[in-house]
Amino acid sequence: MSATNSQLQLETYFLKELSYFLKDNLDTIPEPVAEISPVGLKIEDLTKLIDEQQRKWRCELTIKSSDAASGESFYKFKIVMVGFFTVNPALSAEQAKILAESNCPAVLYSTSREIIATVTRRSPYPAVLLPLVTFVKNIEEPKPKKRAVKKKSE
């Protein structure tokens, strides 16, 4: 199997904002921790067409930590990434929109994962590895199968 270029190409991306805070009292040497509570996340993305003729898209992805339901995390962070992409002009406008809105934030998310892992790795606690997420919209949840109900005949 040989690889082929995607219909979506990354032109450039950059880190727009990064904030990190270790929520800990560092008056004493921290005890080793094997595992930390999962970090809750708030994720927002804005993907928009900026040049209709050349099919250029801009995506801004914001990821903020929030305390997980299972407990408080050691970390608080926010990262904002911006990327510029081009979609193959041979695709229809609707196909281009679906491709860009699904994949542009995913590309930036994977880069954000590495940045957050690197930053949190420099603390006395285990690094944060952002979970996999999907940016594909309008995926229907599986519906429960209907069971046939037989009526009693009178």
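Attention here is on the structure that accompanies the text.

## Details of the sheet that holds strand S2 (residues 40–51)
- In spatial order, the strands read S1-S4-S3-S2; together these four strands make up an open sheet with antiparallel pairing. Two strands bound the open sheet, and with one partner strand each, they are strand S1 (8–22) and S2. Going across the sheet, the axis of each strand differs from the next one's by a mean of 10°, ignoring polarity.
- The pairing of S2 with strand S3 (residues 56–66) spans 11 bridges and is classified as antiparallel. Considered in S3, the bridge of Gly40 is made with Ser66.
- Of the strands in this sheet, S1, S2, S3 and strand S4 (75–87) are in contact with helix H1 (residues 93–121), which crosses S4 at around 140°.

## A few points about the packing of aromatic side chains
- Using the criterion set out here, one finds four aromatic pairs in the structure.
- Geometrically, the ring pair formed by Tyr109 and Phe135 is edge-to-face, given 5.9 Å between the ring centres and 65° between the ring planes. Of this pair, Tyr109 sits in helix H1 while Phe135 sits in the segment after H1, and the two are 26 residues apart along the sequence. In this structure, Tyr109 and Phe135 share a single accessibility class: buried.

## Description of unusual backbone geometry
- The phi dihedral of Arg55 falls on the positive side, at around 55°, and the residue is not glycine.
- Relative to the assigned elements, Arg55 resides in the loop between S2 and S3.

## A short note on the nonpolar core
- By size, the foremost hydrophobic cluster in this structure holds 26 residues, and its most contacted members are Ile63, Tyr75, Phe77, Phe85, Val87, Val128 and Leu130.
- Secondary-structure elements contributing two or more residues to this core are S1, S3, S4 and H1.
- At seven residues, H1 tops the list of elements feeding residues into this core.
- Filtering out sequence-adjacent residues up to four positions away, Ile63 remains in contact with Leu41, Lys42, Ile43, Phe77, Lys78, Ile79, Tyr109, Ser112 and Leu130.

Basis of the calculations
- Residues numbered from 1 in each chain as written.
- Predicted model: local features only at pLDDT ≥ 70, side-chain atom pairs only at ≥ 80, totals over all residues.
- Heavy atoms only, no water.
- Pairing = 2+ DSSP bridges.
- Helix = DSSP H or I, 4+ residues; strand = E, 2+ residues; numbered from the N terminus.
- Axes fitted to C-alpha atoms, helices over the stretch in contact; angles between N-to-C directions.
- Contact = heavy atoms within 4.5 Å.
- Phe/Tyr/Trp six-rings, centres within 6.5 Å; stacked < 30°, edge-to-face > 60°.
- Buried < 20%, exposed > 50% of the residue type's maximum accessible area, 1.4 Å probe, protein only.
- Core = buried A, V, L, I, M, F, W, Y, C linked by side-chain atoms within 4.5 Å.

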